[in-house]
Amino acid sequence: MTEVLRRFEAHAADEDRKATHEVYGESFEDAAFAFIERWRPAADDQGEIEVQLTDCESGERQCFRLDLVGGEAGLCD
């Protein structure tokens, strides 16, 4: 089965939108991890990063909170 990569714009939630980068992923969560792997934004005191993502085709937006220690992801509150 061929994976379909989608194009997203992503930036750390605590950074200005000028720090937005283009990333590709199969899903929002996949793109969030691709963003932190490539641009390595600073984590908070708990070792977590919030990433704001926009699907470039649909315009849909989501925010993920990524735990860098445990490798877990969940939607932002």
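In the block above lies the structure referred to throughout.
These remarks concern the structure in this document. (Residues numbered from 1 in each chain as written. Predicted model: local features only at pLDDT ≥ 70, side-chain atom pairs only at ≥ 80, totals over all residues. Heavy atoms only, no water.)

## Here we look at the pairing of strand E3 (residues 48–55)
Burial of E3 is extensive: six of the eight residues sit out of reach of the surface. Alignment of strand E1 (residues 6–12) against E3, held across five bridges, turns out to be antiparallel. For glutamate 9, the partnering residue across the bridge sits in E3 and is threonine 54. Pairing geometry for E3 and strand E4 (residues 61–67), over seven bridges, is antiparallel. Bridging from a neighbouring strand, glutamate 50 pairs with arginine 65 of E4. (Buried < 20%, exposed > 50% of the residue type's maximum accessible area, 1.4 Å probe, protein only. Helix = DSSP H or I, 4+ residues; strand = E, 2+ residues; numbered from the N terminus. Pairing = 2+ DSSP bridges.)

## Examining helix H1 (residues 28–39)
The end-to-end C-alpha separation of H1 is 16 Å, in line with the 16 Å expected for 12 residues at 1.5 Å each. Within the span of H1, buried status applies to Phe28, Ala31, Ala32, Phe33, Phe35 and Ile36. Close packing links the buried residues of H1 with E1, strand E2 (21–25), E3, E4 and strand E5 (73–75). Positive backbone phi, at 45°, marks arginine 40, one or two positions downstream of H1. (Expected span 1.5 Å × (residues − 1). Contact = heavy atoms within 4.5 Å.)

## Focus on the side chain of aspartate 55
By secondary structure assignment, the location of aspartate 55 is in strand E3. For aspartate 55, a relative accessible area of 5% corresponds to the buried category. A polar atom in the side chain of aspartate 55 sits 2.7 Å from the side chain of arginine 6. Reaching out from aspartate 55, the side chain makes a polar contact with the backbone nitrogen of glutamate 57 at a distance of 2.8 Å. Setting aside its immediate chain neighbours within four residues, aspartate 55 contacts Arg6, Arg7, Phe8, Phe28 and Glu60. (Polar contact = N/O pair within 3.5 Å; in protein donor to acceptor, adjacent residues only side chain to side chain.)

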